[in-house]
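Examining the three-dimensional arrangement
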Amino acid sequence: MLTNLRSLHFAKRISLVLGLFMIAGVYGFGQRGTTETIDATAFGTSTQLGRNFGIKIIIYEFSSPEDRDILVEAFKQGQNDGLVNALEKMKSVGRITMPGTIGYELSYIREILTPTGRTIRFVTNRKIAFGEAYWTTQSKSFNLTAGEITLNDTDKNKSAGLLFPAAQLIVNNEGELQWELNQNSWKLNNIIEWK
């Protein structure tokens, strides 16, 4: 009987501690601030002309200048693979969803203020499909998803962007950084910003 009573008291204490952790976790989660959502329609270009789909970008917070420095240094050290490794270690600052995927976390989102509004750039590791990994296809080396959205506050119809669903970052012959794509980029239009 005494053992059962001790077990009951122990279980109550554990429940109380777990409850306190849960309350603290909810409070801490709310400290990230308000989220921002951007909906857009991606329109195919070149070989994907005529195809379109909707995307949703949810921004929890913008990446810090220190995060940018980490990515620059990682790219200097290991080129595209170094960038992929650094992005993998970063905490999630947002999420992107596209048809055919359950969506995935965005590792880096940067906001740049412009005279007419702002530009949002993002990059994250692309989820490699089972078939790509199993057959070791060429597309497996295009292991990043990136994009840029230019939001125009004065004329919302001029807001636009680009999406690179499967890309890798390279240094071209002129020594400049450039996105190399597995397929063509997608134009982003019909951009709606939710705050």
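For the structure given in this document, a descriptive report is provided here. Here the structure is a predicted model, which is why all the values come from computation and not from measurement. (Residues numbered from 1 in each chain as written. Predicted model: local features only at pLDDT ≥ 70, side-chain atom pairs only at ≥ 80, totals over all residues. Heavy atoms only, no water.)

Re the overall build of the chain
- When helices and strands are tallied, the chain shows three helices and 10 strands.
- Along its sequence from the N terminus, the chain presents helices and strands in the succession α-β-β-α-β-β-β-β-α-β-β-β-β.
- Considering only contacts in the chain between residues 6 or more positions apart, those separated by 24 or more positions represent 55%.
- For the chain, the computed accessible surface area is about 12,500 Å², with 58% contributed by carbon and sulfur atoms. (Helix = DSSP H or I, 4+ residues; strand = E, 2+ residues; numbered from the N terminus. Contact = heavy atoms within 4.5 Å. Areas by Shrake-Rupley, 256 points an atom, 1.4 Å probe, with all protein chains shown as cover.)

A word on the pattern of salt bridges
- A full pass over the atoms with the stated rule returns nine salt bridges.
- Linking Glu105 and Arg95 is a salt bridge whose minimum nitrogen-to-oxygen distance equals 2.6 Å. Of the two residues, Glu105 is situated in strand β4 (residues 104-106) and Arg95 in strand β3 (residues 94-97); the sequence distance between them amounts to 10 residues.
- The exposure class of Glu105 is partly exposed, given its relative accessible area of 34%.
- When the shortest N-O distance is used, the salt bridge between Glu193 and Arg118 registers 2.4 Å. Here Glu193, found in strand β10 (residues 186-194), pairs with Arg118, found in strand β6 (residues 117-125); they are 75 residues apart in sequence, far enough to count as distant.
- The partly exposed category is assigned to Glu193, whose relative accessible area is 22%.
- Within this structure, Glu36, Glu111, Arg118, Asp153, Lys156 and Glu193 form a network of salt bridges that share partners. (Salt bridge = Lys/Arg side-chain N within 4 Å of Asp/Glu carboxyl O. Buried < 20%, exposed > 50% of the residue type's maximum accessible area, 1.4 Å probe, protein only.)

Concerning unusual backbone geometry
- At Gln79, a residue that is not glycine, the phi angle is positive and equals roughly 55°.
- In this structure, Gln79 sits in helix α2 (residues 65-89).
- Using a relative accessible area of 39% as the deciding quantity, one classes Gln79 as partly exposed.
- Despite not being glycine, Asn190 shows a phi value in the positive range, around 50°.
- Looking at where Asn190 falls in the secondary structure, it is placed in strand β10.

A few points about the nonpolar core
- Counting 21 residues, the largest nonpolar core has Ile57 and Leu163 as the members making the most contacts within it.
- Secondary structure elements with two or more residues in this core: β1 (36-44), β2 (52-59), β4, β6, β7 (144-152) and β10.
- Among the elements that make up this core, the one with the highest residue count is β2 (four residues).
- Look past the residues within four positions of Leu163 in its chain and what remains in contact with it is Phe53, Ile55, Ile96, Met98, Phe122, Thr145, Ala146, Gly147, Ser185, Trp186 and Leu188.
- Counting 15 residues, the second-largest nonpolar core is a separate cluster that includes Leu71, Leu83, Leu87 and Ala167. (Core = buried A, V, L, I, M, F, W, Y, C linked by side-chain atoms within 4.5 Å.)

A word on the packing of aromatic side chains
- Enumeration over the complete set of coordinates arrives at two aromatic pairs.
- On the basis of an interplanar angle of 35° and a centroid distance of 6.0 Å, the ring pair of Phe164 and Trp179 is categorised as tilted. Here the residue Phe164 occupies a position in strand β8 (residues 160-171), and Trp179 occupies one in strand β9 (residues 177-181), the gap between them amounting to 15 residues.
- On the basis of relative accessible area, Phe164 is assigned to the buried category, the value being 13%.
- With a relative accessible area of 29%, Trp179 lands in the partly exposed category. (Phe/Tyr/Trp six-rings, centres within 6.5 Å; stacked < 30°, edge-to-face > 60°.)

Details of the environment of Leu181
- Along the chain, Leu181 turns up in strand β9.
- Its relative accessible area of 25% is what places Leu181 among the partly exposed residues.
- Each C-alpha atom of the pair Leu181 and Phe164 lies 6.9 Å from the other, and the pair is 17 residues apart in sequence.
- Look past the residues within four positions of Leu181 in its chain and what remains in contact with it is Phe142, Phe164, Ala166 and Ala167.

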